[in-house]
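# Structural description and commentary
What follows is the residue order along each chain.
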Amino acid sequence: MNISTTNVNFNGKSEVLYGLRKAAQEAHNIEINRSHAFGPRPINMEYLINTSTGKMSAYLDMVANDTTLSESINNLASNKPVMDYFKQILQPKKVPFGKINPLQVFAEGFRDAVKKSTDECKNGVEKFITAIKM
């Protein structure tokens, strides 16, 4: 990845970690915005939900198209601080009028992004998602 506005270059494990963190944050934002539709006075947040969905999809596509995806995911699954971050941000939470589950949104998006990848990548993604659930 080359961001010309800030002259930041990174690829490999750093790019995968960046993309996964940003996608997890967007999955969390999707569920928080969706939770505003619960309750007696729902608020329409469709625009923000669609915006966050697009961002999450873009980050996951960036990760899925990286050549080092399977190797990076296997390394991340054994990194406790990184997994703690994902567990914290993607854990199910109770909101005043219901429950949100960002992990489900993240997992569905990640599986869709790696649909065309190799079986090794798909297995790595499933192991990564399972590690977050634990």
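One structure accompanies this document, and this report is about it. Note that the structure is predicted; figures quoted are calculated from it, not measured.

## Side note on the packing of aromatic side chains
Applying the stated criterion across every chain yields a total of six aromatic pairs. The interplanar angle of 85° and the centroid separation of 6.1 Å between the aromatic rings of Y18 and Y59 together place this pair among those described as edge-to-face. Separated by 41 residues along the polypeptide, Y18 in helix α1 (residues 13-35) and Y59 in helix α2 (residues 46-64) bring together distant segments of the chain. A relative accessible area of 19% means that Y59 is categorised as buried. The interplanar angle of 90° and the centroid separation of 6.4 Å between the aromatic rings of F110 and F128 together place this pair among those described as edge-to-face. Of this pair, F110 sits in helix α5 (residues 102-113) while F128 sits in helix α6 (residues 119-133), and the two are 18 residues apart along the sequence. One exposure class covers both F110 and F128, and it is buried. Three or more aromatic residues joined by ring pairs form one cluster here, namely Y85, F86, F106, F110 and F128.

Conventions we followed
Residues numbered from 1 in each chain as written. Predicted model: local features only at pLDDT ≥ 70, side-chain atom pairs only at ≥ 80, totals over all residues. Heavy atoms only, no water. Phe/Tyr/Trp six-rings, centres within 6.5 Å; stacked < 30°, edge-to-face > 60°. Helix = DSSP H or I, 4+ residues; strand = E, 2+ residues; numbered from the N terminus. Buried < 20%, exposed > 50% of the residue type's maximum accessible area, 1.4 Å probe, protein only.

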